[in-house]
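As a plain string of letters, each chain reads:
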Amino acid sequence: MTGSWLLVHFAVACAGSLVLAFALSMLLRLAARRWPALLAHRSVWLGGQAAVVLVFLLAAAPLPLPRSAIAPALILPAPAAQHALTVEPDVLPPLTQATLALPPAPAQDPIDTVLRYLPVAWLAAYLAGLTFHAVKRLRMQRCWTVLLRQTRRVDDAELRAWPGMTPAQRTVIAGRLTVRTIDLPISPMLHGVRRPSLLLPAHVSALDVRQQQMIVEHELTHWRRADPLWLTVSGMLALLFWFNRPYQRLDGALREAVELGCDDAVLSGASNRERQGYAGALVAQLRRQAGLQAGWKPGWQAGAAFGSPGIVGRVQRMQAARPPRLSAQGRLLVGGGVAALALLGAALQPAFSASAPILAPTPPIAPHAPLATWRYPLDQPRITSLYGVLSPSVPKGHHGIDLAAPRGTPVLAVAAGTVLEAAFDAAWGHYVRVGHGADTSSLLIHLDRIDVAPGQRVKAGDLLGTSGASGKATGPHLHLEYWEGRQRLDPVQMLPDLLQHATKKAIARREAQGNPVPTDR
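Every chain is numbered independently, its residues counted from 1 as its sequence is written. The model is predicted, so local features are restricted to residues of pLDDT at least 70 and side-chain atom pairs to those at 80 or more, both for listing and for counting; the totals for chains, interfaces and linings are taken over all residues. Processing note: side-chain calculations cover all non-hydrogen atoms of the structure and skip hydrogens and water entirely.

A. Looking closely at the pattern of salt bridges. Any Lys or Arg side-chain nitrogen found within 4 Å of a carboxyl oxygen on Asp or Glu counts as a salt bridge. For the structure on display, the rule yields 13 salt bridges. Arginine 210 serves as the salt-bridge partner of glutamate 274, at 3.0 Å between the closest nitrogen and oxygen. Taken together, the residues glutamate 274 in helix H9 (residues 272-289) and arginine 210 in helix H6 (residues 209-224) connect sequence positions 64 residues apart. Arginine 210 gets classed as partly exposed once you look at its relative accessible area, which sits at 33%. In this structure, arginine 510 engages aspartate 490 in a salt bridge whose closest nitrogen and oxygen atoms are separated by 3.1 Å. Taken together, the residues span a long stretch of sequence, with arginine 510 in helix H14 (residues 504-512) and aspartate 490 in the loop between strand E15 (487-489) and helix H13 (498-501) at a distance of 20 residues. Exposure classes here rest on a 1.4 Å probe applied to the protein chains alone. A residue is buried below 20% of its type maximum, exposed above 50%, and partly exposed in between. Judged by its relative accessible area of 4%, aspartate 490 falls in the buried class. Residues participating in the shared-partner salt-bridge network are Arg42, Arg225 and Asp227. A run of DSSP states H or I qualifies as a helix once it reaches four residues; a run of E qualifies as a strand once it reaches two. Both are numbered from the N-terminal end.

This is the structure in structure tokens:
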């Protein structure tokens, strides 16, 4: 696959992820209004992000999906069974003996030009945006480095005497977590993923003992649920999807969900007095943070912090004797909706991505009786596409064979004959047709330069020009066709040892369509 197709894949994948993330965010927003308990379910928001990433990878995959994949096969009709492909007269330049004249190439359609360079422009914009956001996060990481230098580690003796921890909490912390304290009015939090530290500001010790224990339990619940890991992964993906605002909303909802989920776990079975005290600790924390420098926000690297965007709703949820619960019906409907959108995005992948579709088998093409063998038009032939192979650009079947040829490679006559045409065509680019007698001819297109003129006699191996990418070509290569009258036939009849020069991928693609390459001459 060429680099241009890879860029198209990437651009389409970005657009697909944007559409799916928007649909998921709208679906989950509506579901949260119907079932407020959904806001505290981390798995729902993780599932939504996973669906977006899955569809992005499917659309960006450079290879077509196998038949067993979730995406339906895109079937193109096979051509009618015949030994040659009939060519419509209105699509062929007339055979003339006119003198060589190379008119200037036709002007490019502005829309085609925009579509050709749009994927390149998007890649440049994406990399620029990724760099900008990565630099912002690196600066935030430096802020955390400066902050952590102001912390002090709590030793084992001090930890055992700390009144704001239960014996069970001390047992969990011992040997697993590092407890650090700081004088700044920040939120209690876990910092780090592999070896997290429990960061407790000094002002926490001024709270009621039970409030301190519940705050510590909140952070330990984050640790047990591996919230720092999930939030770090989500933050890294949010960086890669910096352009996808709906995905950013999914990431923010996940961060709020982990806080609400830990609140529910800590307050499970708690009395009304304990709930009021827990909510009061949060409000007191916010008052202390009011004096912190405006605009300074903890970065995504910090993991789960005690603060949460929905403060009013969170406090009300804490104080409620019976917080909302998600019913079985709600779980089923929301889970089914997320799964349905993910499957729909995956199912549309073959239509939206530039992958080669799964094609209907073509009937075997009966070999034509050979007249005489040709030499190859290149000194070092490597065939990358065979005759009769179906593709979106040639749904009726490939009219010839493609040979890999960098721009400027000498193109040689395949047999002795007379140059019938040497001209330019909008689709073929610069091309040369050589007649070899018995109403047969060879056609070589997409040339970069022509070195012969109509009426000129050539021998096998004489220079006709050089290869290029003129006309409608995705890249430099040489296209060779075998003509008998006004019918295109399979060049395998004229070229010796074709299988030895064809790539395995080219042979496999033709055989996969039910059209094996003949081996007898």
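B. Spatial organisation of the nonpolar core. Leu28, Trp45, Val52 and Tyr247 are the most contacted members of the largest nonpolar core, which has 35 residues in total. The set of elements that each furnish at least two residues to this core consists of helix H1 (3-34), helix H2 (42-60), helix H3 (110-148), helix H7 (227-240) and helix H8 (245-267). Not counting the four nearest positions on each side in its chain, tyrosine 247 is found in contact with Ala21, Gln49, Val52, Val53, Ser234, Leu237, Ala238 and Phe241. Counting residues in hydrophobic clusters, the runner-up holds 34 residues, among them Trp374, Ile401, Leu464 and Leu489. The set of buried Ala, Val, Leu, Ile, Met, Phe, Trp, Tyr and Cys residues whose side-chain atoms join them within 4.5 Å is what this entry labels a nonpolar core. The contact criterion used throughout is that any non-hydrogen atoms of two residues lie within 4.5 Å.

C. Focus on a nonpolar patch on the surface. Among the surface-exposed residues, Val193, Leu229 and Val233 lie close enough to one another that they form a single nonpolar patch of about 210 Å² accessible area. Mapping valine 233 onto the fold places it in helix H7. Judged by relative accessible area, valine 233 falls into the partly exposed class, the value being 37%. Like charges within 9 Å and nonpolar side chains (Val, Leu, Ile, Met, Phe, Trp, Tyr) within 5 Å are joined into patches, using only residues over 30% in relative accessible area that form no salt bridge. Only the protein chains shown count as covering a residue, and every accessible area follows the Shrake-Rupley method with a 1.4 Å probe.

D. Quick look at the environment of aspartate 448. For aspartate 448, the position within the fold is in strand E11 (residues 440-450). Once the C-alpha coordinates of aspartate 448 and proline 476 are considered, the two residues, 28 residues apart in sequence, prove to be 8.9 Å apart. The residues contacting aspartate 448, other than those within four sequence positions of it, are Arg407, His430, Thr466, Ser467 and Gly468. Two N or O atoms form a polar contact when they lie within 3.5 Å of each other; inside protein one atom must be a possible hydrogen donor and the other a possible acceptor, and for residues adjacent in sequence the pair counts only when both atoms belong to side chains. Side chain to side chain, aspartate 448 and arginine 407 meet in a polar contact 3.5 Å long.

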